[in-house]
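# Structural overview
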There are 2 protein chains.
Amino acid sequence: MMREFKRKARVLLIDDNSDHLRGIKELVTLESSFDVVGATTSANLGINLAKKYRPDLILMDINMPEKDGLQAIQEIEKLDLGCRIIALSGYDDSDLIFRAMKIGAKGYILKTMASAQLIYAMDEVASGKVYLPSALSSRFFEYFQDSYKEENAISEEENLLTYLTGREEEVLELLTQGNNYKAIAGKLFISETTVKTHVNNIFQKLQVNDRTQAVLYALNNGFANRKRAKLTA
Amino acid sequence: MMREFKRKARVLLIDDNSDHLRGIKELVTLESSFDVVGATTSANLGINLAKKYRPDLILMDINMPEKDGLQAIQEIEKLDLGCRIIALSGYDDSDLIFRAMKIGAKGYILKTMASAQLIYAMDEVASGKVYLPSALSSRFFEYFQDSYKEENAISEEENLLTYLTGREEEVLELLTQGNNYKAIAGKLFISETTVKTHVNNIFQKLQVNDRTQAVLYALNNGFANRKRAKLTA
DNA sequence: CATTTCCTCCATCCAAGGATTTACATCACA
DNA sequence: TGTGATGTAAATCCTTGGATGGAGGAAATG
C-alpha cells in the first residue's frame, strides 16, 4: 500500500453554472492528484458521461433548474458504477443535506467554501471516506434525529398493541402479511373459526372495524419494531 | 456572548464499571468547565439522578449488563429534560452508533480514546453541537446509507404502481387509509360500483387478491414516497 | 379452591368484498 | 376520424369477512 504509487482519481464535474464549472475545472486540473475526465453543465449529459468514463469521483451541483441534481445522483447510484459522488450546493439546507446523503452522496460541500477545503473533501471521498464539513454534519444530525423522533415516540403512552395476547400477535402478524382466514388457520394449525375469534378480539382491542385498518394500525404503531425488540431482547 | 462568563456545565456520569467511572469522574472533575453532579454504576439510578438534577450533559456507558444503555438513553430522552447525552462504548460497532444517534445521543465516543478527546467532545456537545470522531462518523454514514439502500431501490425496475391511472391512485390512497367502498365513493363523489371497478382494476394491476394485499403492496413499494415526489416536483 | 385469562371451537346471520361482463361518454392522439 | 385509454356505472353472482353468543379445557394467579 505504501509503495503503491497513487493513481490519479478520475473526476467528472457537473454544474449548470458554466462559470463555476470552469472555475472548478481549472482548480481541480491544477491538482496533481486528480484527472478531470469530463465537465458538463447538463445533468443528463453528466449521467451519460458517468456511464461512459466511470469516473472515481463526481462533483454534482444539486441546484440545477433543468434536472434536479438529487435525482441525477439517484440515477447514477442506481447504475452502480462505483463512482463516489460529492454534492455541491449553494445552500446549507439541512433537508437537502439529509436527502443527498440518503441517496448515497459521499460528501456535501458548499460552493462558498475555500478551494482548499474542496480539494481536501475530494481527497477524503476519493480515498473511501465520507466528508461533511463539521458545520453541515451538525445540521445533518439534527435533521436525522428529528426524523426519528416520531418513530421513537411510538410505543409511547397508550399503544393498543400492548393489550394483544401472544396468539393475537401471531394472528395480527399474519394479517399484516396479507393472509386471509383460511391461510392463517392453515399456518397456525387451528380452525378458521378460531382465527375469526382472534381477529374479532384484535378488532376490539385496536378499536378498528376491519382487517385493513388493523394492519394499518399495526404498521403505524411499530408492530414490526416491537417484535424485533422482543426478539433481540 | 464574549463577555458572558461561562457557566460550568453540569455533568452526570453513568458507567457500570466502577473503576472506569471513578477514572472519568476524576478526569472531569479536574476540568474547570465541568461540574460533576452525579456518578453511578446503575442505569436506573442514573435515570432518577437525571430527573432530580437535570444535568446539562450525561455520559452514558451503553454496554451495561443490567440495563441496556441504549434503553436508558431512550427513557431519558422521553422525559425531555433537556439533557444532552453522550454515549460511551467500548466498541465502534456501526449498528450501535447508528442506534445511539437515532434515539437522540448527541455524541458517541470510545472508551479507548484519549482523555483530551473526551473533554473536547464534552465541550462540543455541551455547547450544542453533535460530536462524532471522524472514524466513527464514517461508520455511521456507511450504516446510514446502507439502511436507505433498499428504500431507494424501490421504484426501481418494475414497480407495478406505475401502471395505475390517476383515479386508481386516488382510490388506492383511500384504501391505504382504511376506507371501505362506501367511504371511498363518498369522498370521491362517485358511485360505489365505480369504486369497485377501480379497485378490481387495481387488484389486476398489482396482482393481488384483496384490499389488504393491495395496501401492503402500496406501502412496501413507496406509494407514499411516490406521491410526495410528485407533489414536490 | 375459585377466578381469570387465554386458546380453542362451533353455529348463525348479515354485510361487505370481489369477479365478471357489459355499457357509455370523454378525451387525446394518431 | 377512429382507436385506445380512462372514468363512470350497473347487474349479477358468489365468496369472504365480520358480529354475536355460547362453550369447554388448560394454565396461571390469588
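Residues numbered from 1 in each chain as written. Chains lettered and ligands numbered in written order. Predicted model: local features only at pLDDT ≥ 70, side-chain atom pairs only at ≥ 80, totals over all residues. Heavy atoms only, no water.

### Re the protein's contact with DNA strand D
Cut-off, in case you're wondering: Proximity is defined per residue: any heavy atom of the residue falling within 4 Å of a molecule or strand makes that residue near it. Only DSSP runs of H or I with at least four residues qualify as helices, and only runs of E with at least two residues qualify as strands; both kinds are numbered from the N terminus onward. Note that Gly is not counted as nonpolar here; it falls among the polar residues with everything else outside the nonpolar set of Ala, Val, Leu, Ile, Met, Phe, Trp, Tyr, Cys and Pro and the charged set of Asp, Glu, Lys and Arg.
Lining the immediate environment of DNA strand D, one finds 17 residues, of which N200 and R211 of chain A together with T165, R167 and S191 of chain B sit closest. Here, DNA strand D places atoms within 4 Å of the protein, and 68% of those atoms are sugar or phosphate. No other element matches the four residues that helix α9 (residues 192-206) of chain B contributes to the surface near DNA strand D. Tallied by class, residues from the surface near DNA strand D come to three nonpolar, 10 polar and four charged.

### Considerations on the packing of aromatic side chains
As a reminder, the rule being used: Think of it this way: a Phe, Tyr or Trp ring, Trp meaning its six-membered ring, pairs with another when their centres are within 6.5 Å, and the plane angle makes it stacked under 30 degrees, edge-to-face over 60, tilted otherwise. Burial status follows relative accessibility: with a 1.4 Å probe on protein chains alone, a residue under 20% of its type maximum counts as buried, one over 50% as exposed, and anything between as partly exposed.
Under the defined criterion, the tally for this structure stands at 23 aromatic pairs over all chains. An angle of 50° between the planes, with centres 5.0 Å apart, marks the rings of F141 of chain A and F140 of chain B as tilted. In this pair, F141 of chain A is assigned in helix α6 (residues 134-153) and F140 of chain B in helix α6 (residues 134-153), connecting two distinct chains. In this pair, the class of F141 of chain A matches that of F140 of chain B, namely buried.

### What to know about the sheet that holds strand β5 (residues 107-110) of chain A
Residue and element names in this part refer to chain A. Inclusion rule: Two strands pair under a simple rule: DSSP has to find at least two bridges between them. Only the contacting stretch of a helix is used when fitting its axis, a line to C-alpha atoms as for every element, and angles between N-to-C directions run 0 to 180 degrees. What makes two residues a contact is simply this: any of their non-hydrogen atoms within 4.5 Å.
Taken in spatial order, the five strands line up as β2-β1-β3-β4-β5 in an open sheet, and their pairing is parallel. Because the sheet does not close on itself, it has two edges, and the strands there are β2 (34-40) and β5. Strand after strand, the sheet turns through a mean of 20° between neighbouring axes, direction not considered. Most of the contacts of helix α2 (residues 43-53) go to strand β1 (residues 9-14), to which it runs at about 165°, and overall it touches β1, β2 and β3 (57-61). Contacting β3 and β4 (84-89), helix α3 (residues 69-79) crosses the sheet at an angle of about 155° to β3.

### A look at the interface of chain B and chain A
The test is simple: In short, buried area is how much 1.4 Å probe accessible area vanishes from two parts on joining, totalled over both. Each reported salt bridge corresponds to a side-chain nitrogen of Lys or Arg within 4 Å of a carboxyl oxygen of Asp or Glu. Polar contacts here mean pairs of N or O atoms no more than 3.5 Å apart (in protein, one a potential hydrogen donor and the other a potential acceptor; neighbouring residues in sequence count only if both atoms are side-chain atoms).
The interface is formed by 33 residues belonging to chain B together with 33 residues belonging to chain A. When the two sides are added together, the surface that chain B and chain A hide from each other amounts to roughly 2,800 Å², 58% of it contributed by carbon and sulfur. Joining chain B to chain A, the criterion identifies zero salt bridges. In this structure, the connection of chain B to chain A is made through nine residue pairs in polar contact (both at pLDDT 80 or more). When contributions to the side of chain B that touches chain A are tallied by element, the ones reaching two or more residues are α3 (69-79), α4 (94-102), α6 and α10 (211-220) of chain B. Looking at which element gives the most residues to the side of chain B that touches chain A, the answer is α6 of chain B, with eight residues. Tallied by class, the residues present in the side of chain B that touches chain A amount to 14 nonpolar, 11 polar and eight charged.

### Brief notes about unusual backbone geometry
Residues and elements named next belong to chain A. One non-glycine residue, D80, lies in the positive phi region at around 60°. Structurally, D80 is set in the loop between α3 and β4. Residue class for D80 comes out exposed when judged on its relative accessible area of 64%. Located in the positive-phi region is F189, a residue other than glycine, with phi close to 55°. Using a relative accessible area of 76% as the deciding quantity, one classes F189 as exposed.

### Structural notes on the packing of α2 of chain A against α3 of chain A
Residue and element names in this part refer to chain A. Note the cut-off: Any angle from 65 to 115 degrees is called roughly perpendicular, while one under 35 is roughly parallel, one over 145 is roughly antiparallel, and all others are oblique. Rotating anticlockwise by less than a right angle from the far helix to the near helix defines a left-handed crossing, while the corresponding clockwise rotation defines a right-handed one.
Here α2 crosses α3 at 20°, and the two axes come no closer than 10 Å. Comparing the axis directions of α2 and α3 gives the class roughly parallel. Taken as a pair, α2 and α3 cross one another with a handedness that is right-handed. Residue-level contacts link A43, I47, A50 and K51 of α2 to A72, E75, I76 and L79 of α3. Split by residue class, the contact of α2 with α3 holds six nonpolar, no polar and two charged.

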